[in-house]
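Listed here are the chains, written in short residue letters.
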Amino acid sequence: QVQLVESGGGLAQPGGSLRLSCAASGSIFSIYAMGWYRQAPGKQRELVAAIRSGGHTNYADSLKGRFIISRDNAKNTVYLQMNNLKPEDTAVYYCNADIGTNYGTTRYDYWGQGTQVTVSS
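Just so we're clear, the structure is a prediction, and the values are computed from it rather than from any experiment.

A. Up close: unusual backbone geometry. Phi at Asn76 takes a positive value of approximately 50 degrees, unusual for a residue other than glycine. By the secondary structure assignment, Asn76 is in the loop between strand E7 (67–72) and strand E8 (77–82). By relative accessible area, Asn76 is classed as partly exposed at 26%. Although it is not a glycine, Asn102 adopts a positive phi angle of roughly 50 degrees. Structurally, Asn102 is set in the loop between strand E9 (91–101) and strand E10 (106–111). Asn102 sits in the partly exposed class, given a relative accessible area of 49%.

Below is the structure:
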């Protein structure tokens, strides 16, 4: 079994910052990629940012320059530093990870439970 546990969400003022963390645990053989998605009320879930095991990153175009994704491979943890937050960043943020188990014979997309980020004055 693999679990993703997120932390760091909450309330921030416009222009403020928050840092999300997501730690993967369980019978992990390899983590190929980790990332963050978000879903605002009434909208579809969308990619925020992702990072591969080698460090290659990709971001939603609208978030480049404000959000930074990073990863600690030794801790199986991914971070999302969110700066200059705007009210439209309000959403539930979900951690996602592409993980191999069973000595790499099985590969699956795992999701965290989601953490609420609210940007409001």
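Still to come is the rest of the account.
B. How the structure looks around the state of the cysteines. If you walk through the whole model with that rule in mind, you get 1 disulfide. Sulfur-sulfur distance for the disulfide between Cys22 and Cys95 comes to 2.1 Å. One disulfide, between Cys22 and Cys95, carries an S-S torsion of -80 degrees and so falls in the left-handed class. Residue Cys22 is found in strand E3 (residues 18–26), and its partner Cys95 is found in strand E9; the two are separated by 73 residues along the sequence.

C. Here's a closer look at the pairing of E7. Here E7 shows a clear split, with Phe67, Ile69 and Arg71 buried on one side and none of Ile68, Ser70 and Asp72 buried on the other. In the sheet, E7 pairs with E8 via 6 bridges, with the strands oriented antiparallel. Each bridged residue has a counterpart across the sheet, and for Asp72 the counterpart in E8 is Thr77. In textbook terms, the turn of a hairpin is the stretch between consecutive antiparallel strands, and for E7 and E8 this stretch comprises 4 residues, one of which, Asn76, has a positive phi near 50 degrees.

Rules behind the numbers
Residues numbered from 1 in each chain as written. Predicted model: local features only at pLDDT ≥ 70, side-chain atom pairs only at ≥ 80, totals over all residues. Heavy atoms only, no water. Helix = DSSP H or I, 4+ residues; strand = E, 2+ residues; numbered from the N terminus. Buried < 20%, exposed > 50% of the residue type's maximum accessible area, 1.4 Å probe, protein only. Disulfide = S-S within 2.5 Å. Pairing = 2+ DSSP bridges.

Purely spatial values, then, with no claim about function.
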